[in-house]
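# Results of the structural survey
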Amino acid sequence: MAGLNRREFLTGSAAGLALAGCSRGRARRPPAQRERLVSIVRQPDYSQDLYGELRRVLAEHRLNVRGKRVLLKPNLVEFEPDSPINTHPLLVHAALEAFRELGAEVSIGEGPGHRRNTLDMAEAAGYFATIPRFEESFTDLNLDQVTEVRLARPHSRLQSIYLSQRAVSCDLLVSMPKMKTHHWVGATLSMKNLFGTVSGGVYGWPKNILHCAGIPGCIADLYHALPRHFAIVDGIVGMEGNGPIQGTPKRSGVVVAGRDLAAVDVSCCEIMSIDPRRIEYLKLAVGDVEALARSIRQIGERVESVRTRFALLPEWSGIRLS
Amino acid sequence: MVSLLESQNPDGGWPYQRGGPSWTEPTAYALLALVAQGSAAEPVEKGLRWLHDAQLPDGGWPPQPAVRQSTWVTAIAALLGPAALGGDAYRRGIVWIVEQTGEETKFLSRVRQFLTGNPQGDPGWPWLPGTSAWVTPTALSMLALRKAARGAGSPPILARLEMGAAYLLAHACSDGGWNHGAARALDYDARSYPETTGVALLALSGKESPRIRKACAWAQAQLRRCRASEAESWLRLGLLAHGQLPPNTPSPGRPPRTIQNAALALLASTAVAGRNAFLE
């Protein structure tokens, strides 16, 4: 399908399905009084400081992962090491070391949406050079054994979905996306990054079933289907404009982390000068995004002190934080 | 080839990664490669038995037995032909392939396209039923149907082959090659990928057009700076199909990191040596 036609087809499908999804699944409101901690760390560059900072962040969140299986899930998209498409390998290595120091059994996994050559992409992105014995700790989630997960109250058209068994069975899934704008959903952050747990071996490249079933609804479904999660967002150099692939680098100099992916994504949107209340998948996943935003307690930097205006495509001007 | 034989699972199938569960895609590619090499009969027979058992009642193949849904991997299995699969299993597989089209070419989508003034072109093939058509499943389905057409070229098969070629030509990227199938996104040109360019060129074997010549030039440039074994293999196969593989092309330099990539590398080498399992 040509770009314009495909866009119209998918946009039409997504809108219709999102509406249909609303009638099927009820958005789950977060408990009103539950406080959600989100760490915002000012980190100007990819330096050795990251190792200490991530240790400190994990301590702030009091994660008990001793003896637990932790899966780090970065965002690998393309073979372009000089472009801010992929999660930086130094951040992933710093997370690996920090979780290992807490006694966790840590592995890394990713299942890219467009390109099949995951390990080759990881090599091009610098993962082999940065992370010792990378190949031994890595699983291509697209080619992993699959588990069919029934969706209890789906927001998309899907009733069930085949996910990587490793992603489903780990004790803690750590979503490590790049902070980027996204031409289909506005912003791609820790929740959208969960698309990489969906089996490419089953659904293909791209995982078009997620488009046909409604992208926002599928993001919300995955958020609920994979509840044992944590997020560490690479916002040191993100991407603005025509993300997630062809945008331009945007230096915001932050790492954002927390136990609740939705709360982390709300904070990231605010940092990017995007109104999280206008991000469809956040609305579907949590219902009252404003209430969720009020429940967030930020540790470290305040959003206002690190806010960086990410350029948006004209089609997405409506999500700008006013 | 030794590596392929050693990585066969006890159940007869092949995994993507050694020691993993058997999947249809690596199994079919491994069998194609072993058959093309005239390899030992026993592993091939075991593999074919695995494939036979995996076929679903609708005639298609699932990506792996745990998934009860026929998908694009049916085309790769069908490339093995009736002699390997058995006449009935093969015929049912071909019928399944012929019946698949992208969701965008279904009636309701056509109506919407008519109303919005965005008519879609010819139908390609989706990764799985109920979704849109994309380059790789279209190219693989065309390769399977080309083989079937040589045996008994029925009008529906020949018609689908022409539609598939039209789909591919309509979905080339502006830089000359193909990506997954979205040449433009939100009015921006998207970039081509080497692996999809290679498989599309292979599927368009025998066709001539300025667009194909441009794709060959793009593929030749990519082959020199390839960073993945799969891409290298498909580019070699695609260029070879159009007589455009430069004669002094060095041997593949990237290590195959999955079983299906090892099989593809072997299939590409065998094709360069004169026996193209995709086109024979």
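What counts, and where the lines are drawn
Residues numbered from 1 in each chain as written. Chains lettered and ligands numbered in written order. Predicted model: local features only at pLDDT ≥ 70, side-chain atom pairs only at ≥ 80, totals over all residues. Heavy atoms only, no water. Helix = DSSP H or I, 4+ residues; strand = E, 2+ residues; numbered from the N terminus. Rg over C-alpha atoms; globule rule 2.2 N^0.38 Å. Buried < 20%, exposed > 50% of the residue type's maximum accessible area, 1.4 Å probe, protein only. Contact = heavy atoms within 4.5 Å. Buried area = accessible area lost by both parts, 1.4 Å probe. Salt bridge = Lys/Arg side-chain N within 4 Å of Asp/Glu carboxyl O. Nonpolar A, V, L, I, M, F, W, Y, C, P; charged D, E, K, R; others polar. 1 Å grid on protein atoms, 1.4 Å probe; cavity = no way out; pocket = protein on both sides within 12 Å on 5 of 7 lines; lining within 4 Å. Points joined across faces, edges and corners; volume = space filled by probe spheres on them. pLDDT = per-residue confidence, 0-100. Patch = residues over 30% accessible without salt bridge, like charges linked within 9 Å, V, L, I, M, F, W, Y side chains within 5 Å. Areas by Shrake-Rupley, 256 points an atom, 1.4 Å probe, with all protein chains shown as cover. Axes fitted to C-alpha atoms, helices over the stretch in contact; angles between N-to-C directions. Parallel < 35°, antiparallel > 145°, perpendicular 65-115°, else oblique. Left-handed = near helix turned anticlockwise from the far one by under 90°. Pairing = 2+ DSSP bridges. Phe/Tyr/Trp six-rings, centres within 6.5 Å; stacked < 30°, edge-to-face > 60°. Lys NZ or Arg CZ within 6 Å of the ring centre and 35° of its normal.

### Looking at the overall build of chain B
A tally of helices and strands in chain B yields 13 helices and 6 strands. Relative to a compact globule of 280 residues, whose C-alpha radius of gyration would be 19 Å, chain B shows 18 Å and is just as compact. Residues classed as buried in chain B amount to 61% of the 280 residues present. Across chain B, every contact between residues at least 6 apart in sequence was considered, and the portion connecting residues at least 24 apart equals 62%.

### As for the interface of chain B and chain A
The interface of chain B with chain A comprises 50 residues on the first partner and 47 residues on the second. Buried area between chain B and chain A, summed over both chains or domains, comes out near 4200 Å², and the portion from carbon and sulfur atoms is 51%. Its largest share of buried area at the contact with chain A, chain B owes to B:Leu186, B:Arg227 and B:Arg257, together 18% of the area lost on that side. The tally of links between chain B and chain A comes to 5 salt bridges. With its nearest N and O atoms 2.9 Å apart, the salt bridge here joins B:Arg257 to A:Glu123. Per-class residue counts for the side of chain B that touches chain A are 22 nonpolar, 15 polar and 13 charged.

### A closer look at empty space enclosed by the protein
Following the criterion strictly, the structure yields 3 cavities of 30 Å³ or more and no others. In this structure, the largest cavity encloses a volume near 180 Å³. If you trace the largest cavity, you find 19 residues lining it, with A:Arg116, B:Trp127, B:Thr136, B:Thr196 and B:Glu230 closest to the centre. Those elements that provide at least two residues to the lining of the largest cavity are α2 (24-36), α8 (135-152), α10 (194-203), α12 (229-241) and α13 (259-272) of chain B. Looking at the lining of the largest cavity, the element that brings in the most residues is α10(B), giving 3 residues. Here the lining of the largest cavity is composed, by residue class, of 9 nonpolar, 5 polar and 5 charged. The volume enclosed by the second largest cavity comes to roughly 100 Å³. Residue lining of the second largest cavity: 14 residues in total, with A:Arg116, A:Asn117, A:Thr118, A:Asp140 and B:Thr258 positioned closest to the centre. Of all the elements in the fold, those that place two or more residues in the lining of the second largest cavity are α4 (118-124) of chain A together with α13 of chain B. With 3 residues, α4(A) is the largest single contributor of residues to the lining of the second largest cavity. Tallied by class, the residues present in the lining of the second largest cavity amount to 3 nonpolar, 6 polar and 5 charged.

### Side note on the confidence of the model for chain B
On average, residues of chain B carry a pLDDT of 92, and 96% of them reach 70 or more. ipTM for the predicted complex: 0.94, alongside a pTM of 0.92.

### Let's talk about a nonpolar patch on the surface
On the surface, a cluster of nonpolar side chains totalling about 350 Å² of accessible area is made up of B:Phe107, B:Leu108 and B:Val111. As for its placement among the helices and strands, B:Phe107 is situated in helix α7 (residues 107-116).

### Digging into the packing of α10(B) against α12(B)
Residue and element names in this part refer to chain B. Taken N-terminus to C-terminus, the directions of α10 and α12 make an angle of 30 degrees; their axes are 7 Å apart at the nearest point. Overall, the two elements α10 and α12 adopt an arrangement that is roughly parallel. The two elements α10 and α12 meet at a crossing, and its hand is left-handed. Across from Pro194, Glu195, Gly198, Val199, Leu201 and Leu202 in α10, the residues of α12 making contact are Glu230, Ala231, Trp234, Leu235, Leu237, Gly238 and Ala241.

### What to know about the pairing of strand β7 (residues 172-176) of chain A
Residues and elements named next belong to chain A. Burial runs high along β7: 5 of the 5 residues are buried. Neither face of β7 is exposed, since Leu172, Val174 and Met176 on one face and Leu173 and Ser175 on the opposite face are all buried. Bridging between strand β2 (residues 69-74) and β7 involves 5 bridges; their strand directions are parallel. Within β7, the position partnered with leucine 71 by the bridge is leucine 173. With 3 bridges joining them, β7 and strand β10 (residues 229-240) adopt parallel strand pairing.

### A word on the packing of aromatic side chains
Counting across every chain of the model gives 10 aromatic pairs over all chains. Among the aromatic residues, those joined into a ring-pair cluster are A:Tyr127, A:Phe128, A:Phe134 and A:Phe138. The positively charged end of A:Arg115 is found above the aromatic ring belonging to B:Tyr193, 4.1 Å away from the centroid. Between the NZ or CZ atom of B:Arg160 and the centre of the ring of B:Trp125, over which it lies, the distance is 3.9 Å.

### Examining the pattern of salt bridges
Counted according to the given criterion, the structure contains 30 salt bridges over all chains. Across the salt bridge formed by A:Arg56 and A:Glu53, the nearest N and O atoms sit 2.5 Å from each other. With A:Arg56 and A:Glu53 both in helix α2 (residues 49-60), this residue pair falls 3 residues apart, about one helical turn. A relative accessible area of 21% places A:Glu53 in the partly exposed class. Notably, a salt bridge pairs B:Lys207 with B:Glu162, separated by 2.9 Å at the nearest N-O pair.

### A look at the packing of α2(A) against helix α3 (residues 89-101) of chain A
Residue and element names in this part refer to chain A. Between α2 and α3, the least distance of the axes is 9 Å, while the angle of their chain directions is 50 degrees. Overall, the two elements α2 and α3 adopt an arrangement that is oblique. When you trace α2 past α3, the crossing you get is right-handed. On α3, the residues that touch Leu50, Tyr51, Leu54, Arg55 and Leu58 of α2 are Leu90, Leu91, His93, Ala94, Ala95, Glu97, Ala98, Phe99 and Glu101.

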